Amino acid sequence: MEKDVLTRDIHTSGAVPPRFRRSNKRVWPVLAVLVLAALYLSTELAFLPLDSHRTQVHVPLHAAETLARCRSLNLKPLAVPAAGFSSRSQSDRYEPGTKSVLIRNASIWTGLQDGTDVVHGDILLEQGIITAVGDLSWLVNLPVNKDVTGIDAKGAWVTPGIVDVHSHIAVASSPSLDGANDANSLKGLTLPWLRSLDGLNTHDASYVHSIAGGVTTSLILPGSADAIGGQAFAIKLRPTSERSPSSMLVDPPYGLNGTQVDYDIPPRWRHMKHACGENPSRVYSGTRMDTAWSYREAYENARQIKTKQDGYCSKAIAGEWKGLGDFPEDLKWEALVDVLRGRVKVQTHCYEAVDLDAFVRLSNEFQFPVAAFHHTHEAYLVPDVLKRAYEHPPAVAIFAAFSRYKREGYRHSEFAPRILNDDGLKVVMKSDHPAIQSRWLLHEAQQAHYYGLPENVALASVTTNAAEVLGLEYRLGYIKGGYDADLVIWDSHPLALGATPMQVFIDGIPQLEVSFASKKDESQAAPVTPNFDEEAKAAVEYVGLPPLKPTQITSGGVLFRNVSSMWRRDEYGVHPVFQARSAADEGTVLVENGEITCVGSMGSCNSWVDEGLHVVNLEGGSITPALVSAGSAIGLQEITFESSTSDGPVFDPLEGPIPSVLGEGSIIRAVDGLMFGTRDALLAYRSGVSTAVTSPISDGLLGGLSTHFSLGAKHRLEREAVLEDVTAVHVAVLHRTGGASVSTQIAVLRRLLLGPYTGERGARFEAVVKGELPLAVDVKNADIIATLLKLKKEVEAASGVLMKMTLIGAAEAHLVAAELAAANVGVIVTPPRSFPFTWEGRRILHGPPVTEQSLITTLFAHGVTVGIGHQGVGEEPTITGWAARNLRWDAAWASIDSQGSIGVADALTMATTNVEKLLGVTRKAFDSDMVATKGGELLSFEGKVVAVTSPRRRVVDLF
């Protein structure tokens with residue numbers, strides 16, 4: 001019992017003097033006295049030393065816990081957090097009752113061997129984990145019953161679940177509602193004590209949407225308004241039986257839910273969101289210097305706390321308890337202290353070289369590693385700066401094409417992923433959900449692959465590399481035994497355009513009750529992408545702004561050889577001219593002064609050849625009608641958020657007075673604000689989009705008059721730069737926070753249509769009523785669409801003339817598809833792949849694999865004239881100009897998603913003839929521009945645009 005006595009004399013010899021030897025009978029009274037003393041003293045007990053001097057050492061009651069805490073202060077998360085984790089038999093996220101799954105005959109991209117390992121075999125999923133991969137023929141007798149689901153993949157590709165390292169799912173709500181927008185706090189520049197988990201909405205519409213793209217795990221970040229926005233958390237996207245945000249977490253930090261922390265166990269990774277550059281400066285009316293100082297001030301505060309903790313623990317471990325007091329800590333700053341101890345993955349929104357350099361200096365000044373720089377449009381220009389970061393170079397989490405919406409994104413390059421990879425930096429492709437939806441995250445990797453990122457790295461960029469950035473590579477990002485049963489069965493090779501999940505598993509649980517996707521036998525190989533070596537080199541050489549103007553051929557001819565297919569336009573649409581069955585059948589096309597003068601064999605076009613001929617070998621490529629952009633502000637702005645680079649928004653008569661100098665009956669013409677030679681325009685031109693129909697930028701009901709112009713023209717005075725000054729009258733009937741009601745907007749529109757007509761505005765609306773100009777209406781909601789159809793009928797009854805109406809956007813148009821067809825109202829679908837951005841557009845058709853039909857296929861099946869817009873950022877046309885270059889793939893996707901109902905000719909028609917028809921373009925189709933692609937079709941990942949021929953401008957532009 002002597003060793004249990006809490007107060008005793010301790011002598012250096014270690015012997016207990018006789019005078020302190022007590023019988024058992026005397027122990028209990030002593031203990032009772034000591035307990036009473038402990039209660040009286042509350043925090044301390046006096047211990048008598050062994051030596052004869054009897055010096056007292058004051059040891060707090062929490063001494064053991066404090067010493068354990070001190071020993072754990074510098075423990076870092078382990079690569080594998082628990083011994084035996086990889087040999088576990090059940091996941092910590094296992095849902096009781098989940099059936100085992102045996103997937104047979106799959107092409108399995110495992111993620112192993114640097115992403116080059118492909119296994120043709122089987123996968124067994126049990127109790128939330130992968131238990132076996134490979135040839136599992138020995139399981140042939142495994143009973144397939146109510147407890148085991150068997151799936152024959154029939155050779156289809158299987159990958160790990162997609163991991164998104166940059167998402168605001170459920171904190172930035174979808175549909176957007178004020179009551180659930182919790183991404184940003186505006187309470188200060190540095191807020192490391194905030195946690196995204198505390199704002200995670202379990203009812204968000206995004207979960208099912210993102211899962212439909214194969215996304216299984218997302219890092220939910222606070223927004224980027226603040227320099228330090230708070231702590232981020234990784235979640236699995238599936239619903240749980242508990243229905244709580246906490247139950248969605250993957251490896252939450254110990255102690256998060258109030259549980260006791262075991263200091264002998266290494267911690268789990270935490271995440272902290274930082275943001276550099278424009279966002280904090282704009283939100284807090286500051287500068288980059290203010291943001292940098294806010295970092296330093298916050299981290300100096302954390303460092304002082306860390307220094308106090310280290311000093312405290314040094315004394316405690318040495319037994320110097322006297323006067324120490326309580327362990328120094330501050331709940332507001334404890335997470336930043338953990339950053340300094342290397343226990344937090346720092347995730348930093350940072351675009352430009354100036355910001356990257358500043359943050360790297362910060363990491364070295366305060367000695368903490370950076371897990372990843374996000375967005376980081378200029379990282380490819382300064383790879384050595386990233387390599388100077390503390391401890392290790394950060395990964396780079398980037399977009400494929402999203403750019404030029406802010407000044408700091410102006411020097412973005414589509415070649416950045418390959419350049420960074422070539423420089424030895426880890427590349428991660430990401431979303432920015434809900435702005436750039438995570439459902440299409442794989443498409444980011446596909447685009448990076450198209451522009452030169454190797455196949456294995458492209459797939460790793462959304463799986464293994466992403467898992468590593470989250471510190472979860474021991475359980476996610478690979479298909480191997482012991483890993484979480486998160487995987488996707490694809491209908492085609494995952495890098496093939498339009499690849500769609502046939503099934504998604506999260507924790508071994510299938511997420512698609514019914515899948516409307518089936519294996520595409522023709523798309524089971526990775527696309528053979530073009531060579532962009534010279535373009536990538538130029539991107540760096542010209543510091544992100546390589547010359548984009550083409551070589552212009554105005555005299556002599558251009559002979560295109562080895563043409564595998566050719567398509568032409570007429571007033572009804574696009575039709576094939578020829579399609580070669582083999583290389584021997586490939587044709588020749590001669591172009592002079594921008595006009596095609598001969599189509600046939602080399603021999604048949606020989607008589608047309610002169611000495612000044614330019615010969616272009618298309619290597620099995622194609623010649624296709626050039627595409628037409630619609631639904632964006634391309635040509636009216638250079639950088640969205642820089643007002644000096646934009647024509648600016650028009651005055652809205654419902655929101656304020658029109659300047660008197662304009663007059664009451666004024667209407668704005670987009671042609672008067674056109675800007676030629678913008679980078680978005682030239683990049684679209686180099687991607688096969690040669691013209692655009694653009695309406696004035698407007699935030700209100702009355703938009704103005706759209707114009708049709710050439711994206712390749714140098715200026716307005718150039719030949720055929722403007723093809724038609726005015727094509728359509730544009731309005732928008734939408735729910736606007738604080739704006740006029742929908743019923744008010746309809747009343748004003750009725751007044752504008754029925755007259756009396758005043759000024760040019762009146763004349764233009766009178767032309768609409770007479771059927772001379774189309775009325776283009778930006779609208780989302782099916783109920784508003786129905787009201788517009790009634791208004792159209794009312795106007796027609798009054799005028800006796802059929803009115804032309806076109807809807808733009810029209811997210812819910814599928815609900816009234818038959819009525820639209822009957823009223824002869826067409827739709828320009830933008831974005832072409834639906835998402836519930838707003839309440840008024842929430843009733844979307846997801847399209848395969850969630851629904852059999854998409855918005856486009858439904859409208860097409862009902863006979864509605866359909867045009868295709870751009871898959872930009874949200875439904876805001878001012879942030880979609882950058883996406884015009886991807887119209888070729890958006891059109892192809894419409895065909896792929898249709899499962900055969902929409903052919904290539906139909907898709908091309910939707911992106912050319914129909915757009916012009918719906919927006920009032922009257923120019924004849926026979927003089928439209930043509931696009932030459934090398935190595936493959938325009939609507940593919942194989943073709944590279946090498947020329948645009950323009951009979952209107954009498955030139956051939958070579959790239």
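Just so you know, these numbers come straight off a predicted model, no measurement behind them.

### Considering the packing of helix α16 (residues 742-754) against helix α17 (residues 759-769)
Relative to each other, α16 and α17 sit at 85 degrees, their axes nearing to 7 Å. By the criterion of interaxial angle, the relationship of α16 to α17 is roughly perpendicular. Packed against α16, whose contacting residues are Leu749, Leu752 and Leu753, the element α17 presents Arg761, Phe765, Val768 and Val769 at the interface. Taken together, the residues that form the contact of α16 with α17 break down as 6 nonpolar, no polar and 1 charged.

### Overview of the state of the cysteines
Within this structure, the stated rule accounts for 2 disulfides. Disulfide pairing places Cys70 opposite Cys313 at an S-S distance of 2.0 Å. Handedness of the Cys70-Cys313 disulfide follows from its S-S torsion of about -75 degrees: it is left-handed. On the criterion of sequence distance, the pair formed by Cys70 in helix α2 (residues 63-72) and Cys313 in helix α6 (residues 288-317) is long-range, its members being 243 residues apart.

### Remarks on α16
Helix length check: α16, at 13 residues, gives a terminal C-alpha distance of 18 Å against a target of 18 Å (1.5 Å per residue), a fit within 8%. Buried residues belonging to α16 abut β30 (729-732), α17, β31 (775-779) and α18 (782-799). Positive phi shows up at Gly755, right after α16, with a value of about 85 degrees.

### Quick notes on the sheet that holds strand β27 (residues 702-705)
The 6 strands lie next to each other as β27-β30-β31-β32-β33-β34, forming an open sheet whose pairing is mixed. At either end of the open sheet lies a strand with only one pairing partner, and these are β27 and β34 (866-868). With strand direction ignored, the average angle separating the axes of adjacent strands in the sheet is 20 degrees. The sheet contact formed by strand β33 (residues 826-829) and β34 spans 3 bridges and is parallel. Following the sheet pairing, Ile828 is matched in β34 by Gly867.

### What to know about the environment of Ala861
The residue Ala861 is located in helix α20 (residues 855-861) in this model. Considering only alpha carbons, one finds Ala861 and Ala821, 40 residues apart in sequence, at a separation of 9.9 Å.

### Some details on the domain arrangement of the protein chain
Domain parsing of the protein chain yields domain 1 (163-510), domain 2 (548-626 + 928-958) and domain 3 (627-927). Here domain 1 and domain 3 have C-alpha centroids that lie 37 Å from each other. Across the boundary between the two partners, domain 1 contributes 33 residues, which contact 36 residues of domain 3. Buried area between domain 1 and domain 3, both sides added, is near 3100 Å², and the carbon and sulfur share of it is 64%. Interface area lost by domain 1 to domain 3 is led by Arg404, Trp440 and Leu497, which between them contribute 20%. Viewed at the interface, domain 3 and domain 1 are joined by 2 salt bridges. Its salt-bridge partner being Arg404, residue Asp680 comes within 2.6 Å of it at the nearest N-O pair. Applying the counting rule to domain 1 against domain 3 returns 11 residue pairs in polar contact (both at pLDDT 80 or more). Residue assignment for the side of domain 1 that touches domain 3 shows that the elements contributing at least two residues are α4 (206-211) and α11 (441-450). Residues of the side of domain 1 that touches domain 3, tallied by class, amount to 17 nonpolar, 11 polar and 5 charged.

The rules behind the values
Residues numbered from 1 in each chain as written. Predicted model: local features only at pLDDT ≥ 70, side-chain atom pairs only at ≥ 80, totals over all residues. Heavy atoms only, no water. Axes fitted to C-alpha atoms, helices over the stretch in contact; angles between N-to-C directions. Helix = DSSP H or I, 4+ residues; strand = E, 2+ residues; numbered from the N terminus. Parallel < 35°, antiparallel > 145°, perpendicular 65-115°, else oblique. Contact = heavy atoms within 4.5 Å. Nonpolar A, V, L, I, M, F, W, Y, C, P; charged D, E, K, R; others polar. Disulfide = S-S within 2.5 Å. Expected span 1.5 Å × (residues − 1). Pairing = 2+ DSSP bridges. Domains from an automatic or database assignment. Buried area = accessible area lost by both parts, 1.4 Å probe. Salt bridge = Lys/Arg side-chain N within 4 Å of Asp/Glu carboxyl O. Polar contact = N/O pair within 3.5 Å; in protein donor to acceptor, adjacent residues only side chain to side chain.

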